[in-house]
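Report on the structure
Here is how the chains run, residue by residue.
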Amino acid sequence: KLFHKHILSMFPHVQIDTAVSGEDALDKIEVDTNYDLIIVEERLQQRHSGEKDDLTGSELLRLINEMESSASFHRNDTNQERGAKPSKIPSRRSLKIGVSVSLGEDCECLRNKGGADVFWSKPPPKPSNSLRNQVMNALLSKRGKSVFICGC
């Protein structure tokens, strides 16, 4: 909930979906692969039912990356079936933020196994214009775009 509050303080007009487990996150992303930002805790906590989540955050990120790649592939297939040229536009990729209370221990897994783009410790960094600009620049860079923001 703290991350939810921080994101809303930097981006007040965004819609935020929250998942209660790795499986819940996969279900949400399966329905909508167009999330701009995905924040995942490496050490996923217990579900509301008391069961421990079967996935780690890095495993969840790996599956999300596979889903995004598959969605992009299927979009291009559909366009080609209609006689359209293959899309030259990069697929819409989410910026993935890996989070951990033990970032020193978990950073390698989040990066190498999960493919996280950015890493935050817990508690999250203090919301600021500078942090907002870093998130926006990282997202746009991932999508092959650049932006100049004046007045940090």
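1. Here's the deal with the overall build of the protein
Counting its secondary structure elements, the protein contains five helices and three strands. The order of α-helices and β-strands along the protein, N terminus first, is α-α-β-α-β-α-β-α. Per-residue burial for the protein yields a buried fraction of 33% across its 152 residues. For the protein, the proportion of contacts with a sequence separation of at least 24, taken over those separated by at least 6, is 59%.

2. Overview of the pattern of salt bridges
All told, the structure shown has nine salt bridges when counted by the stated rule. A salt bridge links aspartate 106 to arginine 43; the shortest N-O distance between them is 2.8 Å. With a gap of 63 residues between them, aspartate 106 in helix α4 (residues 103–113) and arginine 43 in the loop between β1 (37–41) and α3 (57–81) connect regions that are remote in the sequence. For aspartate 106, a relative accessible area of 8% gives the class buried. The partner of aspartate 117 in a salt bridge is lysine 142, with the nearest N and O atoms 2.7 Å apart.

3. Considerations on the confidence of the model for the protein
Scored by pLDDT, the protein comes out at a mean of 80, with 76% of its residues at no less than 70. Note that residues 75–80 has pLDDT below 50 and, in this model, seven contacts with residues that lie over four places away or in other chains. A low-confidence stretch, residues 84–90 (pLDDT under 50), is modelled with six contacts involving residues beyond four sequence positions or located in other chains.

4. Some remarks on the pairing of strand β3 (residues 118–121)
As paired strands, strand β2 (residues 95–100) and β3 are joined by four bridges and run parallel to one another. Across the sheet, glycine 98 pairs through a bridge with phenylalanine 119, a residue of β3. Regarding the hand of the β-α-β motif, the stretch spanning β2, α4 and β3 is right-handed.

5. Some thoughts on the sheet that holds β3
One open sheet holds the three strands; their spatial order is β1-β2-β3, and the pairing between them is parallel. Either end of the sheet is taken by a strand with one partner, and the two such strands are β1 and β3. Put simply, the sheet's adjacent strands are angled 25 degrees from each other on average, direction ignored. Set on the sheet, α4 makes contact with β2 and β3; between it and β3 the angle comes to about 155 degrees.

6. A short note on the environment of asparagine 129
Structurally, asparagine 129 can be placed in helix α5 (residues 129–142). In this structure, the C-alpha to C-alpha distance between asparagine 129 and methionine 10, residues 119 residues apart in sequence, is 7.2 Å. Only 2.9 Å separates the side chain of asparagine 129 from the side chain of arginine 132, close enough to count as a polar contact.

7. Here we look at α5
In an α-helix, one turn spans 3.6 residues, which is why side chains three or four residues apart end up on the same side. Taking 1.5 Å per residue as the helical rise, α5 with its 14 residues ought to reach 20 Å, and the 20 Å between its terminal C-alpha atoms agrees with that figure. Every buried residue of α5 is listed here: Leu131, Asn133, Val135 and Leu139. Among the structural elements, α1 (2–10), β1, β2 and β3 are those in contact with the buried residues of α5. Immediately downstream of α5, the backbone of glycine 144 shows phi near 80 degrees, a positive value.

8. Some thoughts on the side chain of arginine 143
Mapping arginine 143 onto the fold places it in the segment after α5. Residue arginine 143 is classed as buried on the basis of its relative accessible area of 16%. In terms of polar contacts, arginine 143 uses its side chain to reach the backbone carbonyl oxygen of arginine 93, at 3.0 Å.

The rules behind the values
- Residues numbered from 1 in each chain as written.
- Predicted model: local features only at pLDDT ≥ 70, side-chain atom pairs only at ≥ 80, totals over all residues.
- Heavy atoms only, no water.
- Helix = DSSP H or I, 4+ residues; strand = E, 2+ residues; numbered from the N terminus.
- Buried < 20%, exposed > 50% of the residue type's maximum accessible area, 1.4 Å probe, protein only.
- Contact = heavy atoms within 4.5 Å.
- Salt bridge = Lys/Arg side-chain N within 4 Å of Asp/Glu carboxyl O.
- pLDDT = per-residue confidence, 0-100.
- Pairing = 2+ DSSP bridges.
- Right-handed = clockwise from strand over helix to strand, strands pointing away.
- Axes fitted to C-alpha atoms, helices over the stretch in contact; angles between N-to-C directions.
- Polar contact = N/O pair within 3.5 Å; in protein donor to acceptor, adjacent residues only side chain to side chain.
- Expected span 1.5 Å × (residues − 1).

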